[in-house]
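# Coordinates in review
Each chain, written out:
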Amino acid sequence: MPPLIGITCGRDSRADGVTRHCQNDAYVNTVVQAGGAPVLIPLVDAWPAVSALFQRLDGLLLSGGGDVEPALYGQQPHPQLGPVDPLRDSVEIALARSARIGSLPILAICRGIQVLNVALGGTLYQDIASEVAGALAHPYQPGNSRDHLAHTVQVSPNTRLAAILPGEAPLSVNSMHHQAVRDVAGSCVVSAVAPDGIIEAIEVPDHPFCIGAQWHPEEMVGRYPAMRGLFAALVGAADMLRPRGTDLG
Ligand code: MN
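Definitions and cut-offs
- Residues numbered from 1 in each chain as written.
- Predicted model: local features only at pLDDT ≥ 70, side-chain atom pairs only at ≥ 80, totals over all residues.
- Heavy atoms only, no water.
- Donors = N, O, S within 2.8 Å, 3.2 Å for Na, K, Ca; no water.
- Helix = DSSP H or I, 4+ residues; strand = E, 2+ residues; numbered from the N terminus.
- Pairing = 2+ DSSP bridges.
- Axes fitted to C-alpha atoms, helices over the stretch in contact; angles between N-to-C directions.
- Parallel < 35°, antiparallel > 145°, perpendicular 65-115°, else oblique.
- Left-handed = near helix turned anticlockwise from the far one by under 90°.
- Contact = heavy atoms within 4.5 Å.
- Nonpolar A, V, L, I, M, F, W, Y, C, P; charged D, E, K, R; others polar.
- Expected span 1.5 Å × (residues − 1).
- Buried < 20%, exposed > 50% of the residue type's maximum accessible area, 1.4 Å probe, protein only.

Another aspect to go through is the coordination of the manganese ion. Within the protein, His138 (ND1), His151 (NE2), Ser175 (OG), His177 (NE2) and Glu200 (OE) serve as the donor atoms for the manganese ion, at 2.2 to 2.3 Å. Written as a sequence motif, the donor arrangement for the manganese ion is H-x12-H-x23-S-x1-H-x22-E. Within this pair, whereas Ser175 is found in the loop between β9 (171–173) and β10 (180–181), its partner Glu200 is found in strand β12 (residues 199–203), the two being separated by 25 residues in sequence.

Set out below in structure tokens:
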């Protein structure tokens, strides 16, 4: 059976006041193509319900989305801070901490790497352009495709990321973020950095599989199939580590 990969969701509000859960097809489809069974995790203010779902998962994908509430890492809001969703923050931080403690495989993408870092005690830049002198253009540029190669990253040798995306040369990635990891959580190591010094990937060495990437591999897999390796590694770890006691197959 395909391992169950929980994918966190966002919410949007329509003009008529209706709030809906939302998630991009790219995450769901890429998990399916990697051999996983995606489960969209709802944002509810009821940890027993989320926890019941969490305990049935074999892996966790922390997805992209809006900004993280800066009070969660001890900062006042910056003028360029975008909209925040306190419920999404609390659900995702609880999931990230539970997955870290429970050794559940984690792939954290874009907002996900930021949530992961904050959940484990790190901090963020609230707005790269106004807080980092000389930074590259990391936000989405209107007119570009979602797999547009915006900048390179240098992958750190001897990391899990280097094993998944091997090669000496810098890796070209897309970039659709205005926030980034600032102080790396103590349990994490940096596994990729952009030429301007912005941290683009982190991982937790003493966890079976915990990788965060600041770019969007799920949007790149069509033209850059090597990016499927991140999802194959997540699903493979989820399959390998899941409890076998009730597996009748
Ligand atoms: Mn970037």
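Next comes the rest of the description.
For a regular strand, side chains alternate in direction, first toward one face of the sheet and then toward the other. Relative to strand β11 (residues 189–193), strand β8 (residues 151–155) is paired through 2 bridges, and the arrangement is antiparallel. Residue pairing for β11: Gln154 is matched across the bridge by Val193. Pairing analysis gives 4 bridges linking β11 to β12, with the strands arranged antiparallel. Residue pairing for β12: Ala192 is matched across the bridge by Ala201. Count of turn residues in the β11/β12 antiparallel hairpin: 5 residues, of which Gly197 carries a positive phi of about 90 degrees.

What follows covers the packing of helix α2 (residues 47–54) against helix α3 (residues 86–101). Two elements in contact, α2 and α3, have axes whose closest approach is 11 Å; the angle formed by their N-to-C orientations is 40 degrees. The angle between the axes of α2 and α3 places the two elements in the oblique class. Taken as a pair, α2 and α3 cross one another with a handedness that is right-handed. Taking contact as the criterion, the partners of Trp47, Val50 and Phe54 in α2 are, on α3, Val91, Ala94, Leu95, Ser98 and Ala99. A breakdown of the residues in the contact of α2 with α3 according to their chemical character gives 7 nonpolar, 1 polar and no charged.

Moving on, we come to helix α7 (residues 228–241). Compared with an ideal rise of 1.5 Å per residue, which puts 14 residues at 20 Å, α7 spans 20 Å between its outermost C-alpha atoms and is within 8% of the ideal. Of all the positions in α7, only Leu230, Phe231, Ala233, Leu234, Val235, Ala237 and Ala238 are classed as buried. Against the buried residues of α7 lie β1 (4–8), α1 (25–33), β5 (59–62), β6 (106–109), α6 (160–164) and β13 (210–213).

Fair warning: the whole summary comes from geometry, so function is off the table for now.
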